[in-house]
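Here is what each chain is made of, one letter per residue.
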Amino acid sequence: MRGIVTWYHPELQTALIERAGGFTVGTIVCGRFSLGDELIGQFTHEATTKLLNVTTGEPVMFLVEANALSEEQANELLGFMRD
């Protein structure tokens, strides 16, 4: 599955990834990515997963904390994170 990093907080290492079927939110465990990077991997299970950052060619370990969020849910979550 492919996804695009649509929001990223470098200090918290938290990201929102837009993908087919909704949005995924989670935390980088190991590796790095930036806003706009394209990722390939499994975003559908709430667990640590290995992603490939297509933009950099590097692997990223990512803890999926919530998946299949709607755009409305994602916007609400971002509102909380920004406050």
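Our structure's up above, just so we're on the same page.
On a predicted model such as this, the values are computed, not experimentally measured, just so you know.

**Considering the sheet that holds strand β3 (residues 22-30)**
Overall, antiparallel pairing links the six strands, which are arranged β1-β2-β3-β6-β5-β4 in a closed barrel. Each neighbouring strand pair of the sheet contributes to a mean axis angle of 45°, computed without reference to strand direction. Bridge analysis of strand β1 (residues 2-9) against strand β4 (residues 38-40) gives three bridges, and the strand direction is antiparallel. Note on β4: the bridge partner recorded for Gly-3 is Leu-39.

**A closer look at the side chain of Asn-53**
In this structure, Asn-53 sits in strand β5 (residues 48-53). Asn-53 sits in the buried class, given a relative accessible area of 0%. One polar contact links the side chain of Asn-53 to the main-chain carbonyl oxygen of Arg-32, over a distance of 3.4 Å.

Rules used in this analysis
- Residues numbered from 1 in each chain as written.
- Predicted model: local features only at pLDDT ≥ 70, side-chain atom pairs only at ≥ 80, totals over all residues.
- Heavy atoms only, no water.
- Pairing = 2+ DSSP bridges.
- Helix = DSSP H or I, 4+ residues; strand = E, 2+ residues; numbered from the N terminus.
- Axes fitted to C-alpha atoms, helices over the stretch in contact; angles between N-to-C directions.
- Buried < 20%, exposed > 50% of the residue type's maximum accessible area, 1.4 Å probe, protein only.
- Polar contact = N/O pair within 3.5 Å; in protein donor to acceptor, adjacent residues only side chain to side chain.

The values reported here are purely geometric and, on their own, carry no functional implication.
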